[in-house]
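Spelled out, the chains give:
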Amino acid sequence: MLTATMAGDSEARLRDQAEREHIIRQPFLIGVSGGTASGKSSVCEKIMELLGQNKIDHHQRQVAILSQDSFYKVLTPEQKAKALKGQFNFDHPDAFDNELILKTLRDIIQGKTVQIPVYDFVTHSRKAEFVTVYQADVVLFEGILMFYSQEVRDLFQMKLFVDTDPDTRLSRRVLRDISERGRELEQILTQYITFVKPAFEEFCLPTKKYADVIIPRGADNLVAINLIVQHIQDILNGGFTKRQNGCLNGHMSPRQRKPSESSRPH
C-alpha cells in the first residue's frame, strides 16, 4: 500500500514538473504595430541583429519574426481585378485572414512548428510554398493592425507601436512600391489617399493606446530598441523567471496583460 502511494506521489510530481516546464517554455509574444512603412520590420530586424539571432540557423533561433502581411486573405477574381488597379483596400481589417492569425499564434503558444503563407504583392495572391517557423523563446509579430482585434492583442505579453512621421512613411512607401512591387507613382498616391491614410486614422492609430512601448522614429531610435533588446536578453537568459518581480514564468504580470476595453478601438 505504501509502495503504491509513493509511486502515485512520484507520478504526480513528474506530472507537475512537466506542466511547469511546459509553462516556462511558452514563448514570449511581442506584437509590433504602426502605420504603413513606419519601420516595423526594420525594428524587428534590428532587434534580431543586436541579439545576434540573424546569424543563427532558423532551426536554432531563440527569436522568430512573423509579419501580418503574410496573412492577407485569398482574393476572389473580382477582388484581384480591383487590386491590380489599386482599387482594393488592403489596410482594412477584413483584408486579413484573422482566423489563421489567431490559430497560428495559439499553435506557437503551444510550442508547435507553424507553416506561414507567402504572399506575392505583385500578383496579389498567396504562393504555393510556405515558410516554416520553429519553436522559439521569443516571437515578434509585426503588422499595421496587430492590436485591432482584442482576441489577438490579448495574446501579446508586450506591445510595441512604431510611431513615424506621416511624410516619412509616405516617402518610404512610394520608394518601396516602385522598386519592389513595380507600381506607378500615380497609382501609389491614389491608393494612399483613398485607402491607406483613412484606414490608418480609423483602424491603426487608435490602437496606439494599447501599446506598452511607443518607439518614435522607428529603427533610428537605438535607445528604445536597446532597452527592448535588454529586456528580451533577460528573458532568453532566464533572469525574468528568477526575479519574480511582478512577472510569472518569464511572462509579463496579469496587470500588464489585462484584457483591452473593447474589440473595436474607435
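Criteria and thresholds
Residues numbered from 1 in each chain as written. Predicted model: local features only at pLDDT ≥ 70, side-chain atom pairs only at ≥ 80, totals over all residues. Heavy atoms only, no water. Salt bridge = Lys/Arg side-chain N within 4 Å of Asp/Glu carboxyl O. Helix = DSSP H or I, 4+ residues; strand = E, 2+ residues; numbered from the N terminus. Buried < 20%, exposed > 50% of the residue type's maximum accessible area, 1.4 Å probe, protein only. Core = buried A, V, L, I, M, F, W, Y, C linked by side-chain atoms within 4.5 Å. Contact = heavy atoms within 4.5 Å. Expected span 1.5 Å × (residues − 1). Arc of directions from axis to C-beta. Polar contact = N/O pair within 3.5 Å; in protein donor to acceptor, adjacent residues only side chain to side chain. Pairing = 2+ DSSP bridges. Axes fitted to C-alpha atoms, helices over the stretch in contact; angles between N-to-C directions. pLDDT = per-residue confidence, 0-100. Phe/Tyr/Trp six-rings, centres within 6.5 Å; stacked < 30°, edge-to-face > 60°.

### Re the pattern of salt bridges
Oppositely charged side chains may form a pair once their charged atoms are brought near each other. If you walk through the whole model with that rule in mind, you get eleven salt bridges. A salt bridge links Asp-177 to Arg-181; its shortest N-O distance comes to 3.7 Å. One end of the pair is Asp-177 and the other is Arg-181, both in helix α6 (residues 166-181) and four residues apart, which spans about a single turn. Look at Asp-177 and you get buried, because its relative accessible area is 0%. A residue is classified by how much of its surface remains accessible, and Arg-181, at 14% relative accessible area, is buried.

### Details of the nonpolar core
Counting 37 residues, the largest nonpolar core has Leu-105, Phe-141 and Phe-156 as its most contacted members. Elements supplying a minimum of two residues to this core: β2 (63-67), α4 (98-109), β3 (114-120), β5 (138-142) and α7 (185-204). Ignoring sequence-local partners within four residues, the contact set of Leu-105 consists of Leu-29, Phe-141, Val-152, Leu-155 and Phe-156. Grouped together as the second largest cluster of nonpolar side chains are 22 residues, Ile-30, Cys-44, Met-158 and Ile-225 included.

### A few points about unusual backbone geometry
Glycine aside, residues mostly have negative phi angles, and peptide bonds mostly take the trans form. With a phi angle near 55°, His-124 is a residue other than glycine that sits in the positive phi range. One can find His-124 in the loop between β3 and β4 (125-133). Judged by relative accessible area, His-124 falls into the buried class, the value being 5%. Positioned with a positive phi, Arg-217 is a non-glycine residue whose angle comes to about 70°. In this fold, Arg-217 is placed in the loop between β7 (213-216) and α8 (222-237).

### Some words on α6
Along its 16 residues, α6 runs 21 Å from first to last C-alpha, staying within 8% of the 22 Å computed at 1.5 Å per residue. Every buried residue of α6 is accounted for by Arg-169, Arg-173, Val-174, Asp-177 and Arg-181. On an axial view of α6, the arc spanned by its buried residues comes to 135°, and they lie on one face. Along α6, exposed side chains directed more than 90 degrees from the buried face belong to Asp-167, Leu-175 and Ser-179. Against α7 lie the buried residues of α6. The N-capping residue of α6, defined by a side-chain oxygen 3.0 Å from the backbone nitrogen of Asp-167, is Asp-165. Taken from the residues just after α6, Gly-182 is the one with a positive phi, measuring 65°.

### Re the sheet that holds β2
Backbone-to-backbone hydrogen bonds join strands into a sheet, with any given pair of strands oriented parallel or antiparallel. Ordered by their spatial adjacency, five strands build an open sheet running β2-β5-β1-β6-β7, and the pairing between neighbours is parallel. Taken across any chain shown, the strands that pair with only one partner, and hence form the sheet edges, are β2 and β7. Within this sheet the neighbouring strands show an average axis-to-axis angle of 20°, counted without direction. Looking at chain direction, strand β1 (residues 28-34) and strand β6 (residues 158-163) are connected through five bridges and run parallel. Note that in β6 the partner of Val-32 across the bridge is Leu-160.

### A look at the confidence of the model for the protein chain
Keep in mind that low pLDDT regions are not for reading the predicted coordinates in detail. Here the protein chain averages 85 in pLDDT, and 80% of its residues register 70 or above. Of the regions scoring below 50 in pLDDT, residues 1-6 engages in zero contacts with residues more than four places distant in sequence or in other chains. The low-confidence segment residues 239-266, where pLDDT is below 50, has 61 contacts with residues more than four positions distant or belonging to other chains.

### Some details on the packing of aromatic side chains
Counted according to the given criterion, the structure contains nine aromatic pairs. Summarising the aromatic geometry, the rings of Phe-71 and Phe-141 are spaced 5.7 Å apart at their centres and angled 40° between planes, so their arrangement reads as tilted. Here the residue Phe-71 occupies a position in the loop between β2 and α3 (77-84), and Phe-141 occupies one in strand β5, the gap between them amounting to 70 residues. Judged by its relative accessible area of 0%, Phe-141 falls in the buried class. Ring geometry for Tyr-72 against Phe-96: centres 4.5 Å apart, planes inclined by 20°, an arrangement best described as stacked. With Tyr-72 in the loop between β2 and α3 and Phe-96 in the loop between α3 and α4, the pair connects residues that are 24 residues apart, well separated along the chain. In this structure Tyr-72 comes out as buried when scored by relative accessible area, which is 6%. In textbook terms, an aromatic cluster arises when at least three aromatic residues are bridged by ring pairs, as seen for Tyr-72, Phe-88, Phe-90, Phe-96, Tyr-119 and Phe-121.

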